Amino acid sequence: MGSEFEQDLAGVRADLELARARLLTIVRGLGDADLARGRRGSWDVRAVLQHIIQSEEHYAAMASRLRGGHMGTGRGAGLELSSSRAVEEALLQSREALLAAVDGVDEEDFYRLSPAGGQDYSILSVLENVC
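Criteria and cut-off values
Residues numbered from 1 in each chain as written. Predicted model: local features only at pLDDT ≥ 70, side-chain atom pairs only at ≥ 80, totals over all residues. Heavy atoms only, no water. Salt bridge = Lys/Arg side-chain N within 4 Å of Asp/Glu carboxyl O. Helix = DSSP H or I, 4+ residues; strand = E, 2+ residues; numbered from the N terminus. Buried < 20%, exposed > 50% of the residue type's maximum accessible area, 1.4 Å probe, protein only. Contact = heavy atoms within 4.5 Å. Expected span 1.5 Å × (residues − 1). Arc of directions from axis to C-beta.

Here we take up the pattern of salt bridges. Under the defined criterion, the tally for this structure stands at 9 salt bridges. Between Asp-109 and Arg-112 there is a salt bridge, with the nearest N and O atoms lying 2.4 Å from each other. Through salt bridges with shared partners, a single ionic network connects Arg-28, Arg-85, Glu-88 and Glu-89.

This is how it looks when you write it as structure tokens:
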């Protein structure tokens, strides 16, 4: 049984993996035409998925900044999600960016609350928000 830090990090990583696997299962079951479906007055499926991708890219940039790096802008705003395959690829890339931003995080950075975006965040709280 590891330290509290090791347990928390492993737990949040497992939550991230499970949530993304579930989402990818759903996306892989969509046809391209399904991306345009949505309730009247609401976002269509494509817009919801684009929001997820943009949010994850935002959190990756925030995690990088919390660790002393620079907060990038991401590419989500200009994404062309023309097919369910393009959505899947974008989801894989945004997750890769998030995991790269937290790779090798140490205990101090993981728990330290710092101002970001008008509120205080830690790497832990960023990862919990992504889940």
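This part is about the environment of Ala-60. Examined against the element boundaries, Ala-60 turns out to sit in helix α2 (residues 45-66). Judged by its relative accessible area of 6%, Ala-60 is buried. Other than its neighbours up to four places away in sequence, Ala-60 contacts Ala-97, Leu-98 and Ala-101.

So, on to helix α3 (residues 84-102). For α3, spanning 19 residues, the distance from its first C-alpha to its last is 27 Å, which sits close to the expected 27 Å at 1.5 Å a residue. Considered for burial, the residues of α3 that qualify are Ser-84, Val-87, Glu-88, Ala-90, Leu-91, Ser-94, Arg-95, Leu-98, Ala-101 and Val-102. Seen from one end, α3 has its buried residues packed into an arc of 165 degrees, which puts them on one side. Exposed and facing more than 90 degrees away from the buried side of α3 are Glu-96 and Ala-100. Looking at the buried positions of α3, the neighbouring elements they touch are α1 (4-28), α2 and α5 (123-130). Positive backbone phi, approximately 75 degrees, marks Gly-104, located one or two places after α3.

A few words on α5. Because an α-helix completes one turn every 3.6 residues, residues spaced three or four positions apart along the sequence face the same direction. Of all 8 residues in α5, 6 are buried; the element is thus mostly enclosed. Three or more residues of α5 are buried, namely Ile-123, Leu-124, Ser-125, Val-126, Leu-127 and Val-130. Structurally, α5 contributes buried residues whose contacts are with α1, α2, α3, α4 (107-111) and β2 (119-121).

Before going further, it helps to spend a moment on the environment of Val-102. Along the chain, Val-102 falls in helix α3. Given the relative accessible area of 4%, Val-102 is considered buried. C-alpha separation for the pair Val-102 and Ala-63, spaced 39 residues apart in sequence, amounts to 6.5 Å. Leave out the neighbours within four places in its chain, and Val-102 touches Arg-13, Ala-63, Arg-67, Ile-123 and Leu-127.

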